[in-house]
Amino acid sequence: MSARLADLHAALGGVLHGTQERRVTRIAPLAEADEESLAFVAHPRYRAALAHSRAGVVIVPPDCVADALARPHPPAVGWTAWACDDPYLTFARLTQWWRRHVQPRPRHAGVHPSAWVAPGAQVHPDATIGPFAVIEDGAVVEAGAEIGAHSVVEARARVGAHARLAAHVVLGFDCALGARSIVHGGTIIGADGFGFAPYDLPGAHGKAWEKIEQLGAVRIGADVEIGANCCIDRGALGDTVLEDGVKLDNLIQIGHNVRVGRHTAMAGCVGVAGSARIGAHCTLGGGAIVLGHLELADHVHISAASVVMRSITQPGHYSGIFPIDDNRSWEKNAATLRQLHALRERLKALERRHQP
Amino acid sequence: MSARLADLHAALGGVLHGTQERRVTRIAPLAEADEESLAFVAHPRYRAALAHSRAGVVIVPPDCVADALARPHPPAVGWTAWACDDPYLTFARLTQWWRRHVQPRPRHAGVHPSAWVAPGAQVHPDATIGPFAVIEDGAVVEAGAEIGAHSVVEARARVGAHARLAAHVVLGFDCALGARSIVHGGTIIGADGFGFAPYDLPGAHGKAWEKIEQLGAVRIGADVEIGANCCIDRGALGDTVLEDGVKLDNLIQIGHNVRVGRHTAMAGCVGVAGSARIGAHCTLGGGAIVLGHLELADHVHISAASVVMRSITQPGHYSGIFPIDDNRSWEKNAATLRQLHALRERLKALERRHQP
Amino acid sequence: MSARLADLHAALGGVLHGTQERRVTRIAPLAEADEESLAFVAHPRYRAALAHSRAGVVIVPPDCVADALARPHPPAVGWTAWACDDPYLTFARLTQWWRRHVQPRPRHAGVHPSAWVAPGAQVHPDATIGPFAVIEDGAVVEAGAEIGAHSVVEARARVGAHARLAAHVVLGFDCALGARSIVHGGTIIGADGFGFAPYDLPGAHGKAWEKIEQLGAVRIGADVEIGANCCIDRGALGDTVLEDGVKLDNLIQIGHNVRVGRHTAMAGCVGVAGSARIGAHCTLGGGAIVLGHLELADHVHISAASVVMRSITQPGHYSGIFPIDDNRSWEKNAATLRQLHALRERLKALERRHQP
């Protein structure tokens, strides 16, 4: 596996300084890179780490070119500095080029003989369908789409052009996935939302739950990525919606009738309860919880493991995390926390007695 | 897709006021309903929203009938008010009727030719088995049960009458699912519980873990619903038990030997550690954690994301959530929280010096 | 199902006191055991519970032998006390013996006729491949390994000798699982890590996300156990690594490029964000979150539901949990918590005015 630097440069642009005729055998973190590696420096503030790197080629911001070239003990072929305005973005696009040309993802061709495609399904001749995949009646798989092993596209569901389901994905009946979107393994799209009406159970000392059938579906936009083992529930009456460009990590729960705005990203283990509306360009840290029926404005950023208990109407950064401490200190502080309101009252009483 | 109002009414009861001869094309939220829609008002306190709704038919509590009929600008056919004692319950049952008669769930018939049914399995002639499903030796699938695509009913497991496994469910060996219960996609019932005995590892500076084989199973009652991508572990010696009517949302972890009482409901992302016993008619909010070996009485309600660290013997509502705040305020308060016990001591000292 | 006590004893060692010729029909908790059951007492401090147990055979620490034999109302055959230095460890090994000899896990033999094994895959003749399993080109399944129903071993992945994938597991391309490791149902190993470079989207008021292809893999050591519905992401450039003897419960998220040290154990619903490095012999309680790029030393123990926000360089026990309380008390304390920093300032002001 290797690539000519000239080909990388032709594909991605920027300005090359130093040795231009060389091959790159891997992309590596700065500290682990060797002379056949390509690495990157995202920002001039990481300049110090550059001095010790053995990376043959370094993607750098323009004002780090000199640092990259001046590194001591150059290899025989010399150093290369590749100047770009946004090295991290160039690195991202480079990984895509690398995945396409140097280290391609294994992919089945055509419709695997073991797959089961219903007579009433429409599968584009360009699409690929993996082993034991199921495409049900009325489902549509568009051009260039890729359905992984054991994935199920249920009745009347639609997979957009060049979208990809990894292995073991379920796209539920009537649900739609937009063009170029990616869904990782084990994710279930279109399970029933969690809706029940409580009623008095004769003879019991409490309520039982009557199921509310979930009559909506899930609509997912283009360029969305959803991680592994997520759940995106179908709506109760209307649809659950993920807008274009949304990115979800693994093990995320999206309740029924939630709407997530464009280009919002959520880290792993987030839970969003039913009917919440999350704006565009938001980020939710890992393990955050958003309660049901709340609204988050655009550009709201929630720290990991924080619980959103009220709507947030202003952009900004919000947190609610109990600070971790050694267990003994935590025990004392947590115990005191249960008296906090009382402590405030005692403080108030002292203040009243000692007004200046 | 549409239904005659008369048919809905015949199935569900209550008293119709206003136009009785009409068709309903969809069930919709009050604010989005049009004249061919049916909506509902769960309680008189939502009466104000009714005035602006264009819903042709509204299920209402009896004392909202007049409001429903008096809405301005009625369509040519007029308004209909459908009076019921519990509109939300009638709505729930209406969605079930709608699912059966108007918008049926796609369903395979009989045993799909691609499924693998072991010679020693018993599948009732009425049951349906989806593509690539696996029914192992000694498994029993009762009348009317539905096994989704790729689902696995392992050896000697039993699926009760009219129960339904969606796609990609595993019901582990020796486990049982009661009548009419529903399990959504990707849920794993009967994986090994997490049990290990620590022992000194020769040559290491610490313990290693010896596996405790999990010799029990999982017993799930009737009318239970389990969401997508949940895990219900088999017991270590005895069984893990979900009693009748339990409702679990998605991505829920139920550890080995847990017992969950009748009609208890848990929202998404809850984790219940091993050997916890949860009473009947409890609710656990999303992301709540219950530690192992604890007991919760009947009628205990836990807020989202709260951590149950001790047994709860009294019915009631319990919470433990760090309040979310703008990040700057949170940082200051969280830092101070780490000194809380010391602050209490300082307050005490001040009080001692200033006793009246 | 039963076993001769003599066979158990021959396999596991220790010293038998009392009746030696008997059969054991089940292993049971002390309180539920009958005269045909074998139970255990892990530590002399549980001695009191022993007095009331009807367990025919009890594994005990040596100084509890007399208690076990002196129990009143012995059955005709008498009591047996089985003395071991570490009864809990003996119990663990006993469950393994029981699983092998008395209550074997159902297992497919050879390659199931419905499985799809690519021509370029290497499957050892001793390995077993379940129904509808997929073994892709270049994959290797070593001697004695067991691939469950519907599991997928992607291209060039390797399953070590005597390792076991339960049903519905995905081992992604180029990933490796060590000898004797176990992966439970629904777990996805080798999905893409969550990596994106933000960039200004023309015409939008905010950033969009450019995918960083994940070019690394996952390497899992020997004797690892991973629960159900977990996600272990592939690395961005290097690999994600679980060292030998790591034990993960269910629904755990391990981000890209994480390294988990030997014999570390994590309870259910834990999330570890990308590039975190966790030492050896650590434990993480259920629902704990570790933020990205942090380091935890060896022998660090994190309480359930705690959030690790900074690196921890010293062994020890750390916690950060908001204490649960009745909802009314919680509301008052949580509201006051949002003023905590201000309260501290007020306390300081009072102290300044009242210096002795």
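Let me sum up the structure you'll find in this document. What you are looking at is a predicted structure, and each value in this text was computed from that prediction instead of being measured.

Cut-offs applied
- Residues numbered from 1 in each chain as written.
- Chains lettered and ligands numbered in written order.
- Predicted model: local features only at pLDDT ≥ 70, side-chain atom pairs only at ≥ 80, totals over all residues.
- Heavy atoms only, no water.
- Helix = DSSP H or I, 4+ residues; strand = E, 2+ residues; numbered from the N terminus.
- Rg over C-alpha atoms; globule rule 2.2 N^0.38 Å.
- Buried < 20%, exposed > 50% of the residue type's maximum accessible area, 1.4 Å probe, protein only.
- Contact = heavy atoms within 4.5 Å.
- Pairing = 2+ DSSP bridges.
- Polar contact = N/O pair within 3.5 Å; in protein donor to acceptor, adjacent residues only side chain to side chain.
- Least-squares fit on C-alpha atoms with pLDDT ≥ 70 in both.
- Salt bridge = Lys/Arg side-chain N within 4 Å of Asp/Glu carboxyl O.
- Nonpolar A, V, L, I, M, F, W, Y, C, P; charged D, E, K, R; others polar.
- Buried area = accessible area lost by both parts, 1.4 Å probe.
- Axes fitted to C-alpha atoms, helices over the stretch in contact; angles between N-to-C directions.
- Parallel < 35°, antiparallel > 145°, perpendicular 65-115°, else oblique.
- Left-handed = near helix turned anticlockwise from the far one by under 90°.

1. A look at the overall build of chain A
If you tally the helices and strands in chain A, you get six helices and 39 strands. A globule of 356 residues ought to have a C-alpha radius of gyration of about 21 Å, yet chain A, at 27 Å, is considerably larger. Across the 356 residues in chain A, those meeting the buried criterion constitute 62%. Within chain A, residue pairs in contact and separated by at least 24 positions form 20% of the contacts whose partners lie at least 6 positions apart.

2. Some remarks on the sheet that holds strand S28 (residues 253-254) of chain A
All names here are of chain A. In spatial order, the strands read S8-S11-S14-S17-S20-S25-S28-S31-S34-S37; together these ten strands make up an open sheet with parallel pairing. On the outer flanks of this sheet lie strand S8 (116-117) and strand S37 (307-308), each paired with one strand and no other. In this structure, strand S25 (residues 231-232) lies alongside S28, joined through two bridges in parallel fashion. Looking at S28, one finds that Cys231 is bridged to Gln253.

3. Side note on the sheet that holds strand S20 (residues 188-189) of chain C
Sheet strands pair by backbone hydrogen bonding; their relative direction is either parallel or antiparallel. Residue and element names in this part refer to chain C. If you walk across this open sheet you meet the ten strands as S8-S11-S14-S17-S20-S25-S28-S31-S34-S37, and the pairing is parallel. The sheet terminates laterally at strand S8 (116-117) and strand S37 (307-308), the two strands that pair on one side only. Here S8 pairs with strand S11 (residues 134-135) via two bridges, running parallel. What sits directly across from Trp116, in S11, is Val134.

4. Here's the deal with the environment of A:Thr187
Residue and element names in this part refer to chain A. Position of Thr187 relative to the elements: it lies in the loop between strand S19 (182-183) and strand S20 (188-189). Judged by relative accessible area, Thr187 falls into the buried class, the value being 0%. For the pair formed by Thr187 and Leu165, sequence separation is 22 residues and the distance between their alpha carbons is 9.2 Å. A polar contact of 3.2 Å, which involves the side chain of Thr187, links it to the backbone nitrogen of Asn229.

5. Quick word on the relation of the copies chain B and chain C
Placing chain B over chain C gives an RMSD of 0.0 Å and needs a rotation angle of 120°, together with 0.0 Å of translation along the axis. In symmetry terms, the pair is related by a three-fold rotation axis. Minimal C-alpha separation from the rotation axis in chain B is found for B:Phe322, amounting to 3.5 Å.

6. Looking at the interface of chain C and chain A
Taken together, the contact between chain C and chain A spans 80 residues of the former and 74 residues of the latter. Connecting chain C to chain A are seven salt bridges. Note that C:Glu213 and A:Arg105 form a salt bridge whose closest N and O atoms lie 3.2 Å from each other. Our count for the contact surface shared by chain C and chain A stands at 33 residue pairs in polar contact (both at pLDDT 80 or more). Listing elements by their share of the side of chain C that touches chain A, those giving two or more residues are strand S21 (196-200), strand S22 (207-211), S37, strand S38 (316-319), helix H5 (327-337) and helix H6 (340-353) of chain C. Residue contributions to the side of chain C that touches chain A peak at six residues, all from H6(C). Residue composition of the side of chain C that touches chain A, grouped by class: 45 nonpolar, 21 polar and 14 charged. Pairing of strand S39 (residues 325-326) of chain A with S38(C) involves two bridges; the strand directions are antiparallel. Looking at S38(C), one finds that A:Asp326 is bridged to C:Tyr318.

7. So, unusual backbone geometry
Trans is the prevailing form of peptide bonds, just as negative phi is the prevailing case for residues other than glycine. Residue and element names in this part refer to chain C. Residues other than glycine seldom take positive phi values, yet His150 does so here, at roughly 65°. In this structure, His150 sits in the loop between strand S13 (146-147) and strand S14 (152-153). His150 gets classed as buried once you look at its relative accessible area, which sits at 0%. Positive phi values are uncommon outside glycine, yet Asn229 reaches one of about 55°.

8. A short note on the interface of chain B and chain C
Each side of the interface is counted separately: chain B has 82 residues, and chain C has 74 residues. In this assembly, chain B packs against chain C so that about 6300 Å² is buried in total across both faces, 66% of it on carbon and sulfur atoms. Taken together, the connections running from chain B to chain C amount to seven salt bridges. In this structure, the salt-bridge partner of B:Glu210 is C:Arg93, at a minimum N-O distance of 3.3 Å. The interface formed by chain B and chain C includes 33 residue pairs in polar contact (both at pLDDT 80 or more). Breaking the side of chain B that touches chain C down by element, the ones donating at least two residues are strand S20 (188-192), strand S21 (196-200), strand S22 (207-211), strand S25 (231-234), strand S37 (307-308), strand S38 (316-319), helix H5 (327-337) and helix H6 (340-353) of chain B. Counting residues per element, the side of chain B that touches chain C draws most heavily on H6(B), which supplies six residues. Residues belonging to the side of chain B that touches chain C are distributed by class as follows: 45 nonpolar, 21 polar and 16 charged.

9. Let's talk about the side chain of A:Ser303
Residue and element names in this part refer to chain A. Mapped onto the secondary structure, Ser303 falls in the loop between strand S36 (300-302) and S37. A residue is classified by how much of its surface remains accessible, and Ser303, at 13% relative accessible area, is buried. Here the side chain of Ser303 touches Ser319 through a polar contact of 2.6 Å, side chain to side chain.

10. Points about the packing of helix H1 (residues 5-12) of chain A against helix H4 (residues 87-101) of chain A
Residues and elements named next belong to chain A. Where H1 contacts H4, the two axes come as close as 10 Å, and the packing angle between them is 120°. On the basis of their axis angle, the class for H1 and H4 is oblique. As for the relative orientation of H1 and H4, their crossing is right-handed in sense. Contacts between H1 and H4 involve Asp7, Leu8, Ala11 and Leu12 from the first element and Thr90, Arg93, Leu94, Trp97 and Trp98 from the second. When its residues are assigned to classes, the contact of H1 with H4 shows six nonpolar, one polar and two charged.

11. Quick word on the pattern of salt bridges
A complete count under the given rule lists 63 salt bridges over all chains for this structure. The partner of B:Lys348 in a salt bridge is B:Glu345, and the shortest N-O contact between them spans 3.7 Å. You can see B:Lys348 and its partner B:Glu345 sitting in helix H6, three residues apart, about one turn around the helix. The exposure class assigned to B:Lys348 is partly exposed, which follows from its relative accessible area of 28%. Accessibility expressed as a relative area gives 32% for B:Glu345, which makes it partly exposed. Shared partners join several salt bridges into a network, and the residues in it are A:Arg99, A:Arg105, A:Glu225, C:Asp192, C:Lys211 and C:Glu213.

Spatial relationships are all this shows, so hold off on functional conclusions.
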